[in-house]
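Chains, contacts and geometry: an overview
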Amino acid sequence: MPPNTKKGEPGSTTSQTRPDTNVAISANNSTPKVTPLAFGRLSPRRGGWSLIVDECPFCGQQHRHGAPNGPATRETTRISHCAHGQVRSYRIVVEEVA
Ligand SMILES: [Zn+2]
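Residue positions within a chain follow its written sequence, with the count starting from 1. Whole-chain, interface and lining totals are the exception, using all residues; otherwise, since this is a predicted model, local features are given only for residues with pLDDT of at least 70 and side-chain atom pairs are given and counted only at 80 or more.

1. Some remarks on the sheet that holds strand E5 (residues 89–97)
Note on pairing: DSSP must find at least two bridges between two strands before they are called paired. Note on conventions: DSSP H or I runs of at least 4 residues are helices, E runs of at least 2 residues are strands, and numbering of each starts at the N terminus. Strands sit in the order E3-E2-E1-E5-E4 across an open sheet of five strands; the sheet is mixed. The sheet is open, and its two edges are formed by strand E3 (63–66) and strand E4 (75–79), each paired on a single side. Put simply, the sheet's adjacent strands are angled 40° from each other on average, direction ignored. In this structure, strand E2 (residues 48–53) lies alongside E3, joined through four bridges in antiparallel fashion. When the bridges of E3 are listed, Ser 50 appears paired with Gly 66. Between N-to-C directions, angles cover 0 to 180 degrees, with each direction set by a line fitted to C-alpha atoms, over the stretch in contact for helices.

Rendered as structure tokens:
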């Protein structure tokens, strides 16, 4: 039986270089985040309403959201369905009620 030499221990000699360089990160939240605008239309569905965005400002695809307020929805902010692992919200202005 060969000795099972497990070298799983992290090398103690590896000097973890922590760059303390002054990276100009805009950490201040003074700049307002621009929320893209999209137009949506309300469409009745079984038991409620759908808010359909024909052209997502991020991916250009169609997205379908729920619209619990139905025709009363005039403007809302939703998370785009295409935001893979990201939280990308966009503003939807309802311009049509089908
Ligand atoms: Zn999208």
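Once you've had a look at it, read on.
2. As for the confidence of the model for the protein
The pLDDT value expresses, per residue, how confident the predictor is, ranging between 0 and 100. Here the protein averages 81 in pLDDT, while 67% of its residues score no lower than 70. When mean pLDDT is compared element by element in the protein, E2 scores highest at 97, while E5 scores lowest at 94.

3. A look at the environment of Val 94
Looking at the secondary structure, you find Val 94 in strand E5. Taking C-alpha positions, Val 94 is 5.4 Å from Arg 41, a pair spaced 53 residues apart along the chain. Once you skip the residues sitting within four places of it in the chain, Val 94 turns out to touch Gly 40, Arg 41, Leu 42, Leu 51, Thr 73, Arg 74 and Glu 75. A pair of residues counts as a contact when their C-beta atoms, built from backbone coordinates, are within 7 Å of each other.

4. Section: the environment of Ala 38
Relative to the elements of secondary structure, Ala 38 occurs in strand E1 (residues 37–45). Three classes are used. A residue is buried when 20 or more other C-beta atoms lie within 10 Å of its own, exposed when 12 or fewer do, and partly exposed in between, with C-beta atoms placed from the backbone. What makes Ala 38 partly exposed here is the crowd of 18 C-beta atoms within 10 Å. C-alpha of Ala 38 to C-alpha of Tyr 90: the two residues are 52 residues apart in sequence and 7.0 Å apart in space. Leaving out residues up to four positions away in the same chain, Ala 38 has contacts with Val 53, Glu 55, Cys 56, Pro 57, Tyr 90, Arg 91 and Ile 92.

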